[in-house]
Number of protein chains: 4
Amino acid sequence: MKQVILPRPFKSHKGNFGRVLTIGGNENYGGAILMSSSAAVHAGAGLVSCATDTKNLTALHSIVPEAMFINYQNDVELVNAVDAANVLVIGPGLGTDATALKILQKVISNTNTKQFIIVDGSAITLAAQEPALLEILATRKTIYTPHQMEWQRLSGIEISKQNNIKNALKQQELEATVVLKKYHTTIYHTDGSASQLEVGGPYMSTGGMGDTLTGIIAAFLGQFHFKNYEHVVDAAVYAHSALGQELAASKYVVLPTDIINHLQHFMSNYVQSTIQK
Amino acid sequence: MKQVILPRPFKSHKGNFGRVLTIGGNENYGGAILMSSSAAVHAGAGLVSCATDTKNLTALHSIVPEAMFINYQNDVELVNAVDAANVLVIGPGLGTDATALKILQKVISNTNTKQFIIVDGSAITLAAQEPALLEILATRKTIYTPHQMEWQRLSGIEISKQNNIKNALKQQELEATVVLKKYHTTIYHTDGSASQLEVGGPYMSTGGMGDTLTGIIAAFLGQFHFKNYEHVVDAAVYAHSALGQELAASKYVVLPTDIINHLQHFMSNYVQSTIQK
Amino acid sequence: MKQVILPRPFKSHKGNFGRVLTIGGNENYGGAILMSSSAAVHAGAGLVSCATDTKNLTALHSIVPEAMFINYQNDVELVNAVDAANVLVIGPGLGTDATALKILQKVISNTNTKQFIIVDGSAITLAAQEPALLEILATRKTIYTPHQMEWQRLSGIEISKQNNIKNALKQQELEATVVLKKYHTTIYHTDGSASQLEVGGPYMSTGGMGDTLTGIIAAFLGQFHFKNYEHVVDAAVYAHSALGQELAASKYVVLPTDIINHLQHFMSNYVQSTIQK
Amino acid sequence: MKQVILPRPFKSHKGNFGRVLTIGGNENYGGAILMSSSAAVHAGAGLVSCATDTKNLTALHSIVPEAMFINYQNDVELVNAVDAANVLVIGPGLGTDATALKILQKVISNTNTKQFIIVDGSAITLAAQEPALLEILATRKTIYTPHQMEWQRLSGIEISKQNNIKNALKQQELEATVVLKKYHTTIYHTDGSASQLEVGGPYMSTGGMGDTLTGIIAAFLGQFHFKNYEHVVDAAVYAHSALGQELAASKYVVLPTDIINHLQHFMSNYVQSTIQK
């Protein structure tokens, strides 16, 4: 994992570092997509657009003016934004009502095989009931980021019966990467391998932590171009928890906004310590 | 009190740390419920939802994107949110008009005996005139957090005549914990005992301090599971004032938002100093 | 001046530290009243309400959730708020249109002789043309805070001809304190004396600096109870500029929000250095 | 370049440091004009007004209450604001639709030859197709700040064929300064000379960086009064990148808001190091 965060090539422009589109945030859960978007900006994505409810426009600009706004109920705007992106995050705060499903379908059906798609939160719950969507996602570079209950919905495996073998079997059927968020998160790769996180802890058990992770994965995929992109996913998941662990030295709980605020410094330290070795 | 803030168990998830619902914030007093919600998030609540006027949605997300929004005038949303919570705060910035009363009634009548209910500010003023509500609250794990004038309204005891004996008698009738906020706040417990605060001071005499306290009590009740939950209330009240006192070393007045911003660090220090002993 | 900022009495509550009402902020100049309100909160006012355009509600709560909101176009709300206040600031960002004049008249005609009234910015421009208002203000504890052009409008003395003698003569006619903001601000007291500021500098020449000053004066008047309240005004003006000068050691320009953010620390240092002497 | 940022003259007021008007920010790209405005405030502009969509009012005040708001769809307000300004920024987040073009035309046709006009982003794309606008701009103190694709649109020179000679020829036709943003930004002056930046790097490749630059150029032009104003433009471009380089020592990516937050300190250091020499 330590070989992912690298110094940037000198001759480059923001397009080289990813065009991230985050999609989610209904009237009730706007904060989720704002944290995902802000995490993507702070983790180094070149350009970030946030497709969300118009109610979240002002909070988006107030929190992270670097991000652009898309009205996710405007079909033309939404489809254009999907077209223009090379990394998508869908799900944080999306909800599970009819509007959410319509948006999810509109987005997934307009993606292409070159794009990375991070499917999180309520988008997992919705997709679990839509075989047609799962089928499309199986042909994409899809990363699911469920917690255990969402994984139960997606995999059909009850939480108490989830284990590495059962999880991997189901994940292989999905033909996608699965980041299963739990005490020591496990990442199931498309080649059948898995990696388990040894960092992080209960100080990170706060609403919004998972939303923040999606933004970091998106930013990493947007800017670190490796043959095996799942190494980049691993690195993002690692960075998220390792930073949480670092901050927990002086904070009883670590909040998503704490992670966001320290990403740039954490990544800088990382590169510098790597270079010294 | 020093035995309440403990290191978190390793195997845990955000559900273990409390589902807090804060209810309040009309058009005039939105800041009150935002500070309560933000304090709950920073004090470690696993999940925080804020039921408030739609006018406060954007400020909520701008200040604390970790919190979720509930339109408190939408009965279905509100009742569902009450159902899902295990700790409720009602009152900060709620106001005392007909809408406020309707919301208070809707909330209280939908609570159950497992939930903690922190009744603050205008909710105390309103409840003082509604025997039916006081009756329900007497059967719940209720914590009233009045200042002296609100206590006068609730207890019928004039400020000049309030003393420990009279206060305790009335509090026992209410069958609830009473946190009476004044110079050296006193907490009257349901078993008839009382504890008095020796920390804090006039640098904390600012609008919003009490709102912030409600969020801390809620977060503590949500995450620290003790047989005698009133010890947890004591600890929360202590933490609030002890942190204020600490910050007053370098600030002429300590603001609610200062308390909120330093909670995570304060709690971390606390755990570390406890472990060393 | 050094005897104004004192340690707070132990037995006290937020009512002892002033109920400040700030009035201003139309659609174009909302930031002005937000900075005034935020300065009042940070300078230690016990309770701060901001009467402004509904368009500024969300930004108010986002910047300073400690402040309460009043819709300044709602006559009942506004008059009640004026009644409840003991210090008023009127003018920052108020504008000079018919609505502004109506609000100014409504406010001034509802004040009483116990209240302090700080008249700033466009309220000065408007009042200059309304003898009836100047007459009421002459019977109140009024503090005008004009810059030189506003003073020209209020006094009739052209900027190039403004000098201490002419200014004092006109100020005596107004029967009010005048804080004339310029290079080395001069304060003309009701007893005919004047004091001139020796601190501050061009690094403070930024839009919003004067708005911030009004909040500091208001907070000081609300909490420091001296027989001669004009000493308190002097102290507030001094604190504003002395803090600016301190911050200018490491900032090329000092912004209003910088002043606001450092008020609590500055006042704390001040008290501590006074005590040591 | 080092002779531009100078200590401020003691006897001065905010009018001496520039009246900056930023114009842009539609529903989708509001953050762009907010960052431009905030950069102008932090870089020392005396007064900053932001003409933008009403949807951006609250975020503007939340981020930078020092700035004033103009509804850019209100013709009277907009023209008055153009009249009152001595430096204009047009383009950040303006978009390229009919509304954007109408606003651009309204603004440019109301400018005068004493004003500085910084033309950025979508305003460049729009102006490239409007010879009448280019003609007016040729008679103004215009600074274009294109990235390479926008320069292709404005100059007709494909990116792959852009070089100093071709660029300078076209720039001379435009009779304007051109700040061509790329790896080592080049500034083409009206006298035919050019300067190339040796600082900055890929850590600055984030959406919003260019918007931030426009605010810095505007603030510098507003406050540093040199015969050859293009030296001031050079200094602003240098400051932007030099500060970015400084911050990159501890941040993997440098965000526009980082630049904004450190401008005052950076400029202070600059003056102090200059004085010591």
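These figures come from a predicted structure and were not determined experimentally.

Participant: A description of the interface of chain D and chain A should follow, citing residues and the corresponding values.
Facilitator: Listed by partner, the interface residues are 31 residues for chain D and 37 residues for chain A. Here chain D packs against chain A, burying approximately 2600 Å² in sum over the two surfaces, 59% of which is carbon and sulfur. On inspection of chain D and its partner chain A, the count reaches zero salt bridges. At the surface where chain D touches chain A, the tally comes to ten residue pairs in polar contact (both at pLDDT 80 or more).

Participant: Go over the relation of the copies chain D and chain A with me, naming the residues and quoting the values.
Facilitator: Overlaying chain D on chain A yields an RMSD of 0.0 Å, the required transformation being a rotation through 90° with an accompanying axial translation of 0.0 Å. Each copy turns onto its partner about a four-fold axis. Of the interface residues in chain D, just 6% have counterparts in chain A that sit at the interface too, so the contact is made through distinct surfaces.

Participant: Describe unusual backbone geometry, naming the residues involved and giving the relevant values.
Facilitator: Residues and elements named next belong to chain A. Despite not being glycine, H184 shows a phi value in the positive range, around 55°. Looking at the element boundaries, H184 is found in the loop between β7 (177-180) and β8 (186-188). Relative accessible area serves as the criterion here: at 18%, H184 is assigned to the buried category.

Participant: Residue-level account of the pairing of strand β5 (residues 116-120) of chain B, with values.
Facilitator: Regular strands place their side chains on alternate faces of the sheet. Residues and elements named next belong to chain B. Within β5, five of the five residues are buried, which leaves the element mostly enclosed by the surrounding structure. Of the strand pairs in this sheet, strand β4 (residues 87-90) and β5 are connected by four bridges, and their pairing is parallel. Opposite L88, over in β5, you have I117 as the bridge partner. The parallel pair β4 and β5 is bridged by helix α4 (residues 98-109), and the resulting crossover is right-handed. Sheet topology note: the β5/strand β6 (residues 141-145) ladder contains five bridges and is parallel.

Participant: Describe the side chain of A:T142, with residues and values.
Facilitator: Inspection of the secondary structure puts A:T142 in strand β6 (residues 141-145). With residues up to four places along the chain from it excluded, the contact list for A:T142 reads A:I117, A:V119, A:L137, A:A176, A:T177 and A:Y229.

Participant: Report on the packing of aromatic side chains, specifying residues and quantitative values.
Facilitator: A full pass over the atoms with the stated rule returns 20 aromatic pairs over all chains. For the ring pair A:F266 and A:Y270, a centre distance of 5.8 Å and an interplane angle of 35° mean the geometry is tilted. With A:F266 and A:Y270 both in helix α11 (residues 256-276) and four residues apart, this pair spans about one turn of that helix. Each member of the pair, A:F266 as well as A:Y270, is classed as buried. An angle of 65° between the planes, with centres 5.0 Å apart, marks the rings of D:F116 and D:Y229 as edge-to-face. Of the two residues, D:F116 sits in strand β5 (residues 116-120) while D:Y229 sits in helix α10 (residues 229-247), which places them 113 residues apart along the sequence. Like D:Y229, D:F116 is buried. Three or more aromatic residues joined by ring pairs make a cluster, and in this case those are A:F220, A:F224 and D:Y252. Its end group placed over the ring of A:F17, A:R8 keeps NZ or CZ at 3.6 Å from the ring centre. When the ring centre of D:F116 is taken as origin, the NZ or CZ atom of D:K141, which lies over that ring, is 4.4 Å away.

Participant: Talk me through the sheet that holds β5(D); I want residue IDs and the actual numbers.
Facilitator: Residues and elements named next belong to chain D. Pairing is mixed across the open sheet formed by nine strands, whose spatial order is β3-β2-β1-β4-β5-β6-β7-β8-β9. With partners counted over all chains shown, the strands left at the sheet margins are β3 (68-71) and β9 (194-196), one partner each. Going across the sheet, the axis of each strand differs from the next one's by a mean of 15°, ignoring polarity. Along the sheet, helix α1 (residues 30-42) makes contact with β1 (19-23), β2 (47-52) and β4 (87-90), crossing β2 at roughly 175°.

Participant: Any chance you could break down the packing of α1(D) against helix α9 (residues 209-223) of chain D for me, citing the residues and the numbers?
Facilitator: Residues and elements named next belong to chain D. One way to put it is that α1 packs onto α9 with a least axis distance of 7 Å and a crossing angle of 35°. Relative to α9, the crossing made by α1 is right-handed. Contact with α1, carried on its side by A32, M35, S36, A39 and A40, involves D211, T212, T214, G215, I216 and A219 of α9 and no other residues of that element. When the residues that make up the contact of α1 with α9 are grouped by side-chain class, the tally is six nonpolar, four polar and one charged.

Participant: Which residues make up the relation of the copies chain B and chain A, and what values do they have?
Facilitator: Overlaying chain B on chain A yields an RMSD of 0.0 Å, the required transformation being a rotation through 90° with an accompanying axial translation of 0.0 Å. With a heterologous cut-off of 20% or less, the 5% of interface residues of chain B that recur at the interface of chain A puts this contact in the heterologous class.

Participant: Help me get a handle on the UniProt feature "binding site: AMP" (unreviewed entry) in chain A, residues and values and all.
Facilitator: All names here are of chain A. With numbering matched to this structure, UniProt assigns "binding site: AMP" (unreviewed entry) to K181, K182, Y183, H184, T185 and G210. For the residues just named, distributed over 30 residues, the greatest C-alpha separation is only 13.6 Å, placing them together at one site. Looking at the element boundaries, K182 is found in the loop between β7 and β8. Not counting residues within four places of it along the chain, the set of residues in contact with K182 comprises Q148 and Q196. Not counting residues up to four positions away in its chain, the partners in contact with H184 are Q196, L197, E198 and V199.

Participant: Go over the interface of chain B and chain A, please, and point to the residues and values.
Facilitator: Residue-level contacts link 37 residues of chain B with 31 residues of chain A. The junction of chain B with chain A conceals about 2600 Å² of combined surface from both sides, 59% of it contributed by carbon and sulfur atoms. Counting across the interface, chain B meets chain A through zero salt bridges. Here chain B and chain A share ten residue pairs in polar contact (both at pLDDT 80 or more) between them. Going through the elements one at a time, α1 (30-42), α2 (57-63), β3 (68-71) and α11 (256-276) of chain B are the ones with two or more residues in the side of chain B that touches chain A. Considering every element that reaches the side of chain B that touches chain A, the biggest residue donor is α11(B), with six residues. Residues of the side of chain B that touches chain A, tallied by class, amount to 17 nonpolar, 15 polar and five charged.

Participant: So, the pattern of salt bridges: which residues are in play, and what are the values?
Facilitator: The tally for this structure, following the rule as stated, stands at 24 salt bridges over all chains. In this structure, B:K181 and B:D120 form a salt bridge, with 3.3 Å as the shortest nitrogen-oxygen distance. Taken together, the residues span a long stretch of sequence, with B:K181 in the loop between β7 (177-180) and β8 (186-188) and B:D120 in strand β5 at a distance of 61 residues. Accessibility classification places B:K181 together with B:D120 in one group, the buried group. Each of A:D75, A:K102 and A:K106 takes part in salt bridges that share partners, so that together they form one network.

Participant: Could you give an account of the pairing of β1(D), naming the residues involved and the relevant values?
Facilitator: Residues and elements named next belong to chain D. Most of β1 sits out of view: four of its five residues are buried. Summarising the sheet, β1 and β2 pair through five bridges and their orientation is parallel. What sits directly across from R19, in β2, is L47. In this fold, the crossover linking β1 to β2 by way of α1 has right-handed handedness. With four bridges joining them, β1 and β4 adopt parallel strand pairing. Residue pairing across strands places L21 opposite L88, the latter belonging to β4.

Participant: So what about helix α10 (residues 229-247) of chain B? Which residues, and what values?
Facilitator: All names here are of chain B. With 19 residues, α10 ought to run about 27 Å at 1.5 Å a step, and its terminal C-alpha atoms sit 27 Å apart, in line with that. With 15 of 19 residues buried, α10 lies mostly within the body of the structure. By the N-cap criterion, in which a side-chain oxygen at the helix start approaches the backbone nitrogen of a residue two or three places on, α10 is capped by N228, the distance to E230 being 3.0 Å.

Participant: Could you give an account of the sheet that holds β6(A), naming the residues involved and the relevant values?
Facilitator: Residues and elements named next belong to chain A. Here we have nine strands laid out as an open sheet, ordered β3-β2-β1-β4-β5-β6-β7-β8-β9, and mixed in their pairing. What marks the edges here is a single partner per strand, and that holds for β3 (68-71) and β9 (194-196). Between one strand and the next, the sheet's axes are offset by a mean angle of 15°, whatever the strand orientation. The strands touched by helix α9 (residues 209-223) within the sheet are β1 (19-23), β4 (87-90), β5 (116-120), β6 and β7, with β5 carrying the most contacts at an inclination of about 175°.

Participant: Account for helix α6 (residues 131-138) of chain D, with residues named and values stated.
Facilitator: All names here are of chain D. Taken together, the buried positions of α6 are L133, L134, L137 and A138. Buried residues in α6, looked at end-on, bunch into an arc of 140°, giving them a common side. Turned more than 90 degrees away from the buried face of α6, the exposed residues are A132 and E135. Looking at the packing, one finds that the buried side of α6 touches α4 (98-109), β5, α5 (122-127), β6 (141-145), α7 (148-155) and α8 (164-174).

Participant: Run through the packing of α4(D) against α6(D), naming residues and quoting values.
Facilitator: Residues and elements named next belong to chain D. Relative to each other, α4 and α6 sit at 30°, their axes nearing to 10 Å. With respect to their mutual orientation, α4 and α6 come out roughly parallel. Between α4 and α6 the crossing geometry is left-handed. Contact residues: L104, Q105, I108 and S109 in α4; L133, I136 and L137 in α6.

What counts, and at which threshold
- Residues numbered from 1 in each chain as written.
- Chains lettered and ligands numbered in written order.
- Predicted model: local features only at pLDDT ≥ 70, side-chain atom pairs only at ≥ 80, totals over all residues.
- Heavy atoms only, no water.
- Contact = heavy atoms within 4.5 Å.
- Buried area = accessible area lost by both parts, 1.4 Å probe.
- Salt bridge = Lys/Arg side-chain N within 4 Å of Asp/Glu carboxyl O.
- Polar contact = N/O pair within 3.5 Å; in protein donor to acceptor, adjacent residues only side chain to side chain.
- Least-squares fit on C-alpha atoms with pLDDT ≥ 70 in both.
- Helix = DSSP H or I, 4+ residues; strand = E, 2+ residues; numbered from the N terminus.
- Buried < 20%, exposed > 50% of the residue type's maximum accessible area, 1.4 Å probe, protein only.
- Pairing = 2+ DSSP bridges.
- Right-handed = clockwise from strand over helix to strand, strands pointing away.
- Phe/Tyr/Trp six-rings, centres within 6.5 Å; stacked < 30°, edge-to-face > 60°.
- Lys NZ or Arg CZ within 6 Å of the ring centre and 35° of its normal.
- Axes fitted to C-alpha atoms, helices over the stretch in contact; angles between N-to-C directions.
- Left-handed = near helix turned anticlockwise from the far one by under 90°.
- Nonpolar A, V, L, I, M, F, W, Y, C, P; charged D, E, K, R; others polar.
- UniProt positions renumbered as here; feature names shortened; annotations may be inferred.
- Expected span 1.5 Å × (residues − 1).
- Arc of directions from axis to C-beta.
- Parallel < 35°, antiparallel > 145°, perpendicular 65-115°, else oblique.

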